[in-house]
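# Topology and contacts: notes
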Amino acid sequence: MTLETLSSQRCHGGVVSYHRHPSGQTGTPMRFAVFTPEGDGTFPVVWFLAGLTCTEDNFTVKAGAQRAAADLGLMLIAPDTSPRGEVVADDPAYDLGQGAGFYVDATQAPWAPHFRMRSYLEQELPALIAGNFPADLTRQGIMGHSMGGHGALTIALRNPGRFRAVSAFAPIVSPLNCPWGDKALTAYLGPDRAAWRDYDACALIDDGARVADILVDQGLADAFLEGQLKPELLESACARAGIPLTLRRQPGYDHSYWFIQSFIDDHLRWHAARLRG
């Protein structure tokens, strides 16, 4: 697999780099960003999945995560949120199509040929990382924001034992129960809502999926809190399943990267503590 390095910059003693490669899963070029801390040997990995309209650049530039990652010796990987290009289906709305992959493998036209973000992130990109970067994939954590929080939770729940830590900022916890999810999953997967359960964190938990524990931060001034995010549904599902959930409701914080930047160090410390074990 051809891997092209687009840029590389020194940052907090380590390196921030951007990369592109042809994806067999999406049938398109795909981009991702990496922060590699200073030092020899391999590093534990924390994946960050971004939200609607975002690329690999949003987290890398706006979250301010590199300083803490450098101190903790963590490699950060930020993939794009969907396939892109003239041959890729799209929609005029921000919450469907390019920039809104929802981390699913689509089964419906016109999305199915390229929208395979589940397989891309669960299979293809980890293999590429293992072959080209000093990553210790026996020590992985995953986190995300909004649509990416949905992706982080569902990928961790579907892959027991792969991730030692999982956290999220303002995640979409139940696409089965919100307008964003209803629109996207109907388009990508069709009207049979049973097929959606693999992409709903609360449904996965109710169906028996487990992780050791979860950290979630949710801003109480988030305009999407009541209509789209509904963290109380995850709270109830975790309580039923006996999964320890640390759900921190943060007064005054909204859905932006200012919110993420305010608490990213806490999340990286959470991951580092579990990845050292």
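In case you missed it, the structure is sitting above this.
One structure accompanies this document, and this report is about it. (Residues numbered from 1 in each chain as written. Predicted model: local features only at pLDDT ≥ 70, side-chain atom pairs only at ≥ 80, totals over all residues. Heavy atoms only, no water.)

### As for the overall build of the protein
From N to C terminus, the protein includes nine helices and nine strands. For the protein, the C-alpha radius of gyration of 17 Å lies close to 19 Å, the compact-globule estimate for 277 residues. For the protein, the spread of C-alpha atoms along the three principal axes comes to 50 × 40 × 35 Å. Counting over 277 residues, the protein shows a buried share of 58%. Of the roughly 10,700 Å² of accessible surface on the protein, a fraction of 50% belongs to carbon and sulfur atoms. (Helix = DSSP H or I, 4+ residues; strand = E, 2+ residues; numbered from the N terminus. Rg over C-alpha atoms; globule rule 2.2 N^0.38 Å. Buried < 20%, exposed > 50% of the residue type's maximum accessible area, 1.4 Å probe, protein only. Areas by Shrake-Rupley, 256 points an atom, 1.4 Å probe, with all protein chains shown as cover.)

### Digging into the pattern of salt bridges
Here the structure, examined in full by the defined rule, presents 18 salt bridges. Notably, a salt bridge pairs R158 with E122, separated by 2.7 Å at the nearest N-O pair. A residue pair is termed long-range when its members are at least 10 positions apart, and R158 in helix α4 (residues 147-158) and E122 in helix α3 (residues 117-132) qualify at 36 residues. A relative accessible area of 14% means that R158 is categorised as buried. Between R139 and D136 there is a salt bridge, and its shortest N-O distance comes to 2.8 Å. The class for R139 is partly exposed, based on a relative accessible area of 22%. The class for D136 is buried, based on a relative accessible area of 15%. The network of salt bridges with shared partners includes R118, E122, R158 and D198. (Salt bridge = Lys/Arg side-chain N within 4 Å of Asp/Glu carboxyl O.)

### Considering the pairing of strand β4 (residues 43-49)
When you tally the buried positions in β4, you get seven out of seven residues, the bulk of the element. With seven bridges joining them, β4 and strand β6 (residues 135-145) adopt parallel strand pairing. Across the sheet, the residue bridging to V45 is Q140, located in β6. Both β4 and strand β5 (residues 75-79) contribute to a ladder of three bridges, which runs parallel. Counted as the bridge partner of V46 is L76 from β5. (Pairing = 2+ DSSP bridges.)

### Here's the deal with the state of the cysteines
In this structure the tally under the stated criterion is zero disulfides. Sulfur of C11: no disulfide; nearest cysteine sulfur belongs to C54 and is 19 Å away. Overall, C11 belongs to the buried group, its relative accessible area being 19%. In this structure C54 is not part of a disulfide, and its nearest cysteine sulfur, from C178, lies 17 Å away. (Disulfide = S-S within 2.5 Å.)

### Here we look at the packing of aromatic side chains
Here the structure, examined in full by the defined rule, presents 10 aromatic pairs. Between W111 and Y188, the ring centres sit 5.4 Å apart and the planes meet at 90°, which makes this aromatic pair edge-to-face. With W111 in the loop between β5 and α3 and Y188 in helix α5 (residues 179-189), this residue pair connects regions lying 77 residues apart in the sequence. The same class applies to W111 as to Y188, namely buried. Here the aromatic residues F169, Y253, F259 and F263 are joined through ring pairs into a cluster of three or more. (Phe/Tyr/Trp six-rings, centres within 6.5 Å; stacked < 30°, edge-to-face > 60°.)

### A word on the layout of surface pockets
One number sums up the size of the largest pocket: a volume of about 220 Å³. As for the largest pocket, its lining consists of 15 residues, and the residues nearest its centre are L52, C54, H145, H255 and Y257. Elements represented by at least two residues in the lining of the largest pocket include exactly α1 (56-62) and α9 (257-275). Its residues assigned to classes, the lining of the largest pocket shows seven nonpolar, seven polar and one charged. (1 Å grid on protein atoms, 1.4 Å probe; cavity = no way out; pocket = protein on both sides within 12 Å on 5 of 7 lines; lining within 4 Å. Points joined across faces, edges and corners; volume = space filled by probe spheres on them. Nonpolar A, V, L, I, M, F, W, Y, C, P; charged D, E, K, R; others polar.)

### Examining the nonpolar core
Counting residues in hydrophobic clusters, the biggest one holds 93 residues, and the most contacted among them are F32, F59, F102, I142, Y188 and L268. No other element matches the eight residues that α9 contributes to this core. Contact partners of F102, with chain neighbours within four places excluded, come to L52, D95, M147, H150, I172, W180, A184 and Y188. (Core = buried A, V, L, I, M, F, W, Y, C linked by side-chain atoms within 4.5 Å. Contact = heavy atoms within 4.5 Å.)

### Observations regarding the environment of Q123
Here Q123 lies in helix α3. Residue Q123 is classed as partly exposed on the basis of its relative accessible area of 48%. Sequence separation between Q123 and L245 is 122 residues, and the spatial gap between their C-alpha atoms is 27 Å.

Keep in mind these numbers describe shape, not what the thing actually does.
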